Amino acid sequence: MSNTKKTKKPQTKIGRMHTRSVPSRIFGWSLLWISLVVVVLNWIEEFSELNALPGGHSVFYLMGGILGAAVGAWRAGVFDAKS
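Description of the structure in this document. (Residues numbered from 1 in each chain as written. Predicted model: local features only at pLDDT ≥ 70, side-chain atom pairs only at ≥ 80, totals over all residues. Heavy atoms only, no water.)

## A closer look at the pattern of salt bridges
- The full count for this structure, using the stated rule, is 1 salt bridge.
- The salt bridge involving Arg-20 is made with Asp-80; its shortest N-O contact spans 3.2 Å. In this pair, Arg-20 sits in the segment before helix 1 (22-47) while Asp-80 sits in the segment after helix 2 (59-76), placing the two residues 60 residues apart along the sequence.
- Note on Asp-80: relative accessible area 22%, which makes it partly exposed. (Salt bridge = Lys/Arg side-chain N within 4 Å of Asp/Glu carboxyl O. Helix = DSSP H or I, 4+ residues; strand = E, 2+ residues; numbered from the N terminus. Buried < 20%, exposed > 50% of the residue type's maximum accessible area, 1.4 Å probe, protein only.)

## Points about the packing of aromatic side chains
- A full pass over the atoms with the stated rule returns 1 aromatic pair.
- Relative to Phe-47, the ring of Trp-43 lies with its centre 5.7 Å away and its plane at 70 degrees, an arrangement referred to as edge-to-face. Linking Trp-43 with Phe-47, this pair stays in helix 1, spanning 4 residues, or about one helical turn.
- The ring of Trp-74 carries Arg-20 above its face, with NZ or CZ at 4.9 Å from the centroid. (Phe/Tyr/Trp six-rings, centres within 6.5 Å; stacked < 30°, edge-to-face > 60°. Lys NZ or Arg CZ within 6 Å of the ring centre and 35° of its normal.)

## As for a nonpolar patch on the surface
- There is a patch of nonpolar side chains on the surface, built from Trp-29, Trp-33, Leu-36, Leu-67, Val-71, Trp-74, Val-78 and Phe-79 and spanning about 850 Å² of accessible area.
- For the nonpolar patch, the secondary-structure elements that each account for two or more residues are helix 1 and helix 2.
- Mapped onto the fold, Leu-36 is located in helix 1.
- Of the residues examined, Leu-36 reaches a relative accessible area of 35% and is grouped as partly exposed. (Patch = residues over 30% accessible without salt bridge, like charges linked within 9 Å, V, L, I, M, F, W, Y side chains within 5 Å. Areas by Shrake-Rupley, 256 points an atom, 1.4 Å probe, with all protein chains shown as cover.)

## A word on the packing of helix 1 against helix 2
- In contact at an axis separation of 7 Å, helix 1 and helix 2 are set at 155 degrees when each is read in the N-to-C sense. Our classification of the angle between helix 1 and helix 2 gives roughly antiparallel. Regarding helix 1 and helix 2, the two cross each other, and that crossing is left-handed. Of helix 2, the residues touching helix 1 (which contributes Ser-24, Arg-25, Phe-27, Gly-28, Trp-29, Leu-31, Leu-32, Ser-35, Leu-36, Val-38, Val-39 and Asn-42) are Tyr-61, Leu-62, Gly-65, Ile-66, Gly-68, Ala-69, Val-71, Gly-72, Ala-73, Arg-75 and Ala-76.
- When its residues are assigned to classes, the contact of helix 1 with helix 2 shows 14 nonpolar, 7 polar and 2 charged. (Axes fitted to C-alpha atoms, helices over the stretch in contact; angles between N-to-C directions. Parallel < 35°, antiparallel > 145°, perpendicular 65-115°, else oblique. Left-handed = near helix turned anticlockwise from the far one by under 90°. Contact = heavy atoms within 4.5 Å. Nonpolar A, V, L, I, M, F, W, Y, C, P; charged D, E, K, R; others polar.)

## What about the side chain of Ser-35?
- Tracing the backbone through its elements, the reader meets Ser-35 in helix 1.
- In this structure the side chain of Ser-35 is engaged in a polar contact, spanning 3.4 Å, whose partner is the backbone nitrogen of Ala-69.
- The contacts of Ser-35, once residues within four sequence positions are left out, are Gly-65, Gly-68 and Ala-69. (Polar contact = N/O pair within 3.5 Å; in protein donor to acceptor, adjacent residues only side chain to side chain.)

## Thoughts on helix 2
- Relative to the 26 Å expected for 18 residues at 1.5 Å per residue, helix 2 spans 25 Å between its end C-alpha atoms, a close match to the ideal helical length.
- Residues of helix 2 that are buried include every one of Gly-65, Gly-68, Ala-69, Gly-72, Ala-73 and Ala-76, and no others. One side of helix 2 holds all its buried residues, which, seen down the axis, span an arc of 130 degrees. Away from its buried face, by an angle of more than 90 degrees, helix 2 presents the exposed residues Phe-60 and Leu-67. (Expected span 1.5 Å × (residues − 1). Arc of directions from axis to C-beta.)

Written out as structure tokens, the structure is:
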């Protein structure tokens, strides 16, 4: 019989391996909120006389706002694993 001890190595959880830096999170949350404001303003311009965005209501504002919100949420770490 061998007289060896089994030692447990500390295991790192997958979700804890990657954390976003503070500037990345600030940029992400800012981009997310600005994009959501653009989408809401674009939607309001569709049904009212408000002209807050240059050129008025456009599908390009909607698509840019959705893309910006997705990139902002990704940079903010919304989609990162928490466990």
